[in-house]
Amino acid sequence: MLRKEYDHIILLAHGSPDPLWKQPFESLYQQVAHAYGENNISLAYMELTAPSLEDVIGALGKEVRHIAVLPLFLAVGRHLRQDVPAQIASLQSDDLQIELLPPIGDDALVKNAMQTVIANHLGKV
């Protein structure tokens, strides 16, 4: 079940021309779509890979009026300060509101998971 404030969530990855690069994001998307429903979530890429944010939003039905974009980025950089907000601004309308969420790397759960992985490599669990 989606949170009430969003009709749809788009996972946004950076993008790469290397098709192997997409595999972890496709796998994550499949797992989340299986758990929450393919009608509730999509995967898009900011650049270099399809589908783009524009492609995904263009394919959504008219009943989708409030979208959250969740960047699968570790931190806010130029793309999340400038490029993605500009893309979102060009796609929004009176009938479609798009909210850019903080990147997953800002979440304490992700930070703790990274610390655990690092500790595992250091042999200190």
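Read on for a plain summary of the structure.

Reading guide: rules and limits
Residues numbered from 1 in each chain as written. Predicted model: local features only at pLDDT ≥ 70, side-chain atom pairs only at ≥ 80, totals over all residues. Heavy atoms only, no water. Core = buried A, V, L, I, M, F, W, Y, C linked by side-chain atoms within 4.5 Å. Buried < 20%, exposed > 50% of the residue type's maximum accessible area, 1.4 Å probe, protein only. Helix = DSSP H or I, 4+ residues; strand = E, 2+ residues; numbered from the N terminus. Contact = heavy atoms within 4.5 Å. Expected span 1.5 Å × (residues − 1). Polar contact = N/O pair within 3.5 Å; in protein donor to acceptor, adjacent residues only side chain to side chain. Pairing = 2+ DSSP bridges. Axes fitted to C-alpha atoms, helices over the stretch in contact; angles between N-to-C directions.

This next bit is on the nonpolar core. Core analysis: the largest hydrophobic core is formed by 18 residues, its most contacted members being Ile10, Leu12, Leu53, Ile57, Ile67, Val69 and Ile98. Secondary structure elements with two or more residues in this core: β1 (8–13), α2 (53–59), β3 (66–71) and α3 (78–91). If one sorts the elements of this core by residue count, α3 sits on top with four residues. Discounting chain neighbours no more than four positions away, the residues touching Leu53 are Ile10, Leu12, Ala44, Tyr45, Val69, Gln87, Ile88 and Leu91. Core analysis: the next-biggest nonpolar cluster, separate from the first, contains 13 residues, Ile9, Tyr29, Ala68 and Leu72 among them.

Okay, helix α4 (residues 108–122) next. For α4, with 15 residues, the first-to-last C-alpha span of 21 Å sits near the 21 Å given by 1.5 Å per residue. Regarding α4, its N-cap is Asp107, as a side-chain oxygen of that residue lies 2.7 Å from the backbone nitrogen of Leu109 further along. Within two residues after α4, Gly123 carries a phi angle of roughly 80 degrees, on the positive side.

Here four strands make up an open sheet; going across it, the order is β2-β1-β3-β4 and the pairing parallel. Edge positions in the sheet fall to β2 (41–45) and β4 (97–100), since each of these pairs with one other strand and no more. Strand-to-strand, the axes of this sheet are offset by a mean angle of 25 degrees, without reference to chain direction. In terms of strand pairing, β1 meets β3 through five bridges, oriented parallel. Looking at the pairing, Ile10 lines up with Val69 of β3. Running over the sheet, helix α1 (residues 23–36) touches β1 and β2 and is turned about 165 degrees from β2.

Quick look at the side chain of Thr49 now. Within the secondary structure, Thr49 sits in the loop between β2 and α2. Looking at Thr49, the relative accessible area reads 14%, which means it is buried. Among the polar contacts listed, one links the side chain of Thr49 to the backbone oxygen of Ser16, at a separation of 2.6 Å. Look past the residues within four positions of Thr49 in its chain and what remains in contact with it is Gly15, Ser16, Pro17 and Lys22.

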